[in-house]
Amino acid sequence: MLATTLVLIAAVLHAIWNTLIKFSGERLLVIACMDTVALLLVAALVGFVTFPPVEIWPWILASAVFELLYRVLLIRAYRVGDLGLVYPLMRGLSPLVVLGLTLTFAGEALTGQQIIGILLIPCGMACLLWQGGGGDRLPWSLLPVVALIGLCIGCYTFLDGQALRRWSHPLDYLVWVTLISAWPFPLLALTRRRSAFTLFWRTQWRLGVAVGVCVLASYGLVLWAMQLGSIAEAAALREVSVILVVLFGMRYLKEPFGGPRLLACGLVLIGMLVMKL
């Protein structure tokens, strides 16, 4: 029950920070501010956490690489597609990736009911390919980008889960992964767009702080949940954020809410209930 609660709170935070990034016209600067805040927070914790064993570092480095690639692709995807279309598609693929990796390499035991619940989520996301999810169609050229984002999410989620199976210190792991993955975007903003980054930080620092706190808290809660229970189930349950994002997109970004998006949200909810009943 605790793991489920942690994942659901993380889903709310994840939906919030993605909506804030999509809402902003300066997404690179928002992510740079977000990572700056995350770096400052984890830097304050370095003296209070354990240094990872040598065998954990390959997992940390691999996860950090996928997280960086995820950020790069996310900026490109949000530049073109609706939040309520891009987010569900990319998040819907990740449970399939985690499920496949878990069953193939981790030998994690899942019940038939859990597998059915997990599979219902990407099925719901596939509804969004029908008539543009009730709004503008996503350009076909962007589908590979969205698919790569889903692959990145699934891979770093699997890597994080396996690392925590070997080193059961979620807070310590969060600190070291963040230290590795969160510096490139602030550095890029400082070297390529220093004046814009300085101005953005001065005028919109509240947005940067809000996104930074949300992303770090969301990630930490999911790591804690994966340490407590099934990696594949945690990855799937987190996709309840899809429902929130579609609603946020409709409310705050004036995006359409057609039948396909309603069906997608319904299948995500049913999948979550099937897993937990």
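Residues numbered from 1 in each chain as written. Predicted model: local features only at pLDDT ≥ 70, side-chain atom pairs only at ≥ 80, totals over all residues. Heavy atoms only, no water.

Now, about empty space enclosed by the protein: what can you tell me, with residues and values included?
Evaluation of the coordinates by the stated rule reveals 2 cavities of 30 Å³ or more. Approximately 210 Å³ is the volume found for the largest cavity. In terms of lining, the largest cavity is formed by 18 residues, of which the most central are Trp17, Glu67, Arg71, Val215 and Tyr219. If you list the elements that add at least two residues to the lining of the largest cavity, you get helix H1 (2–23), helix H2 (27–43), helix H3 (57–80), helix H7 (170–181) and helix H10 (205–228). A per-element tally of the lining of the largest cavity places H10 first, with 4 residues. Along the lines of polarity and charge, the residues of the lining of the largest cavity split into 10 nonpolar, 4 polar and 4 charged. (1 Å grid on protein atoms, 1.4 Å probe; cavity = no way out; pocket = protein on both sides within 12 Å on 5 of 7 lines; lining within 4 Å. Points joined across faces, edges and corners; volume = space filled by probe spheres on them. Helix = DSSP H or I, 4+ residues; strand = E, 2+ residues; numbered from the N terminus. Nonpolar A, V, L, I, M, F, W, Y, C, P; charged D, E, K, R; others polar.)

Now, about the pattern of salt bridges: what can you tell me, with residues and values included?
Enumeration over the complete set of coordinates arrives at 3 salt bridges. The closest approach of N and O atoms between Glu26 and Arg193, which form a salt bridge, is 3.1 Å. One end of the pair, Glu26, is in the loop between H1 and H2; the other, Arg193, is in the loop between helix H8 (184–192) and helix H9 (194–203), with 167 residues separating them in the sequence. Judged by relative accessible area, which is 30%, Glu26 ranks as partly exposed. (Salt bridge = Lys/Arg side-chain N within 4 Å of Asp/Glu carboxyl O. Buried < 20%, exposed > 50% of the residue type's maximum accessible area, 1.4 Å probe, protein only.)

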